[in-house]
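# Descriptive structure summary
Okay, here's what each chain looks like letter by letter:
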Amino acid sequence: MAKVIMIQGTMSNSGKSFLAAALCRIFRQDGYKAAPFKSQNMALNSFITREGLEMGRAQVMQAEAAGIEPSVDMNPILLKPTSHTGSQVIVGGEIRGQMSAADYFKYKKKLIPDIMAAYERLAGKHDIIVVEGAGSPAEINLKENDIVNMGLADMLDAPVLLAGDIDRGGVFASLYGTVKLLDPAEQKRIKGLVINKFRGDVDILKPGLHMIEDLTHIPVVGVVPMLSVDLDDEDSLSDHLHVKEKSGEGLDVAVIRLPHISNFTDFTPFERLENVCLRYADKAALLQNSQRPDLILIPGSKNTMKDLLWLRENGMEAAILKANRDHHIPVVGVCGGFQMLGKSLSDPEGVEAGGQMAGMGLLDMETVFKGEKTRSRIQGKVLQSAGLFQKLEGHGVSGYEIHMGISRPGKDAFPMIRLDDGRIDAMGDRASNVWGTYLHGIFDDPDFLKDFLEPMMVKKHLSYQDNGLSLQAYKEIQYDKLAEGVRQALDMETIYRILEMDGKKREE
């Protein structure tokens, strides 16, 4: 059976996901078979496994760091918020239902058998399981039915490393307060403290390290610096999503910052290119006059109709339409953004808010929401395109679908991508440089991305430049960089001692 170690944090976005990924990579480098695990994830960024099951992207990233295929067992429960008080509940990769926060709080302990079965399957195939907690273990109003922090640590008999984010300030107070709000038995589970995201001279920090050790009787096992690594984030706290004005001289690409934005990682390949400035926009002014972009991207949404209404009410829809029709700015939608581009959206089964509403009218297409979710890994080919996107014709494409609803073209929309299973995945408009697709990950292919962007860059007298690496090769470099920085910062001898394992590299 596998050994286990758990990363908990004093708050959300304290760096738990990256620390877990780093440990997965370090253990792999040291010759061990490691796997990530998070019993319950709340995020709108999700992924479809080869089996067609849905899981959170944080554990996908950690699985990549460990060098293994992502499995839904790594994230048995995924909550996808649909409002401030409700979520779609996904268990074992499939929808279990829609629940309010209050209903889920009462229900979640019934999911313990699902959690334990998933964990035991992983533990039976790996040497080390790196478990990530969620939020903070000191949320005293949630402790009674906890299945993701100390409650899970107890179920797994897992030692815990508690991480605090010094970049936000107050790290010693948050570490001390978290420890002291825990029960004595829970405090004993914490075998080490980690100061995360540190900038500066560690020697200046040392008096504080000694004091927190004296106060908590728990050793500090590392001070991890603020590392410059480019890895996928999973939620709305991501640094990638900061709204900003137009900047730089490159191709200006504006992603609409929807309230329920999902799978924004579709656009991270743009951030790795020279001469491309990717930004997020949530106001009409950020798409007009001197802020007018060269390309508008509308991302996925967990609540497409509500987010389209938001675009309409705050003037962004009008700004997008004006940019396209008056200034010929290309517009591309992915998943929910694709659905918004059509003439109408209807929800007869109440999958979202129910009812019917007009779409943006940029594509001759109608979307009807259905209760069954489409989840699949797919491949296909671009049949035809037009205008600035003619170079895409003949390209092979691959990625995954996660959506509710079926979109049907009218006579003026042309089918753009045919999947290997015969379905039409994308549609375009011949005259307006508008198209949309359900395919997440379509821009991960560097050849596709080049032929997508280069005609727009030529118009601005820009040259297309990338780093010459495949996405996978680029990620491998980032995971190694992350592991190197964390290995140097953590006392790995103590980590292996906590695991009761030999830290020496084994023979392959």
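In what follows, the structure referred to is the one given above.
On a predicted model such as this, the values are computed, not experimentally measured, just so you know.

What follows covers the layout of surface pockets. Space inside the second largest pocket adds up to approximately 760 Å³. Surrounding the second largest pocket, 34 residues form its lining, Phe47, Glu64, Asp444, Leu471 and Lys475 being those nearest its centre. For the lining of the second largest pocket, the elements supplying multiple residues, two or more each, are helix 2 (57-66), helix 9 (268-271), strand 21 (365-382), strand 22 (396-409) and helix 14 (471-489). The element contributing the most residues to the lining of the second largest pocket is strand 22, with five residues.

With respect to burial, strand 1 (residues 3-9) is a largely interior element, six of its seven residues being buried. Two strands pair when backbone bridges link them, and strand 1 and strand 9 (residues 128-132) are joined in this way by five bridges, in the parallel orientation. Within strand 9, the residue paired with Ile7 across the bridge is Glu132. Here strand 1 runs beside strand 10 (residues 160-165); their pairing, made up of four bridges, is parallel. Bridged to Ile7 within strand 10 is Leu161.

What follows is about the pattern of salt bridges. Under the counting rule described, the total for this entry stands at 34 salt bridges. When the shortest N-O distance is used, the salt bridge between Arg272 and Asp230 registers 2.9 Å. Pair noted here: Arg272 is in the loop between helix 9 and strand 15 (276-281) and Asp230 is in the loop between strand 12 (220-225) and strand 13 (251-256), with a separation of 42 residues, a long-range link. Arg272 gets classed as buried once you look at its relative accessible area, which sits at 15%. One salt bridge in this structure joins Asp451 and Lys391, with 3.4 Å as the shortest N-O distance. Here Asp451 is found in helix 13 (residues 446-459), whereas its partner Lys391 is found in the loop between strand 21 and strand 22, with 60 residues between them in sequence. Here Lys391 falls in the partly exposed class, since its relative accessible area comes to 39%. The structure contains a network of salt bridges with shared partners spanning Arg25, Arg28, Glu476 and Asp480.

Rules of the game
- Residues numbered from 1 in each chain as written.
- Predicted model: local features only at pLDDT ≥ 70, side-chain atom pairs only at ≥ 80, totals over all residues.
- Heavy atoms only, no water.
- 1 Å grid on protein atoms, 1.4 Å probe; cavity = no way out; pocket = protein on both sides within 12 Å on 5 of 7 lines; lining within 4 Å.
- Points joined across faces, edges and corners; volume = space filled by probe spheres on them.
- Helix = DSSP H or I, 4+ residues; strand = E, 2+ residues; numbered from the N terminus.
- Buried < 20%, exposed > 50% of the residue type's maximum accessible area, 1.4 Å probe, protein only.
- Pairing = 2+ DSSP bridges.
- Salt bridge = Lys/Arg side-chain N within 4 Å of Asp/Glu carboxyl O.

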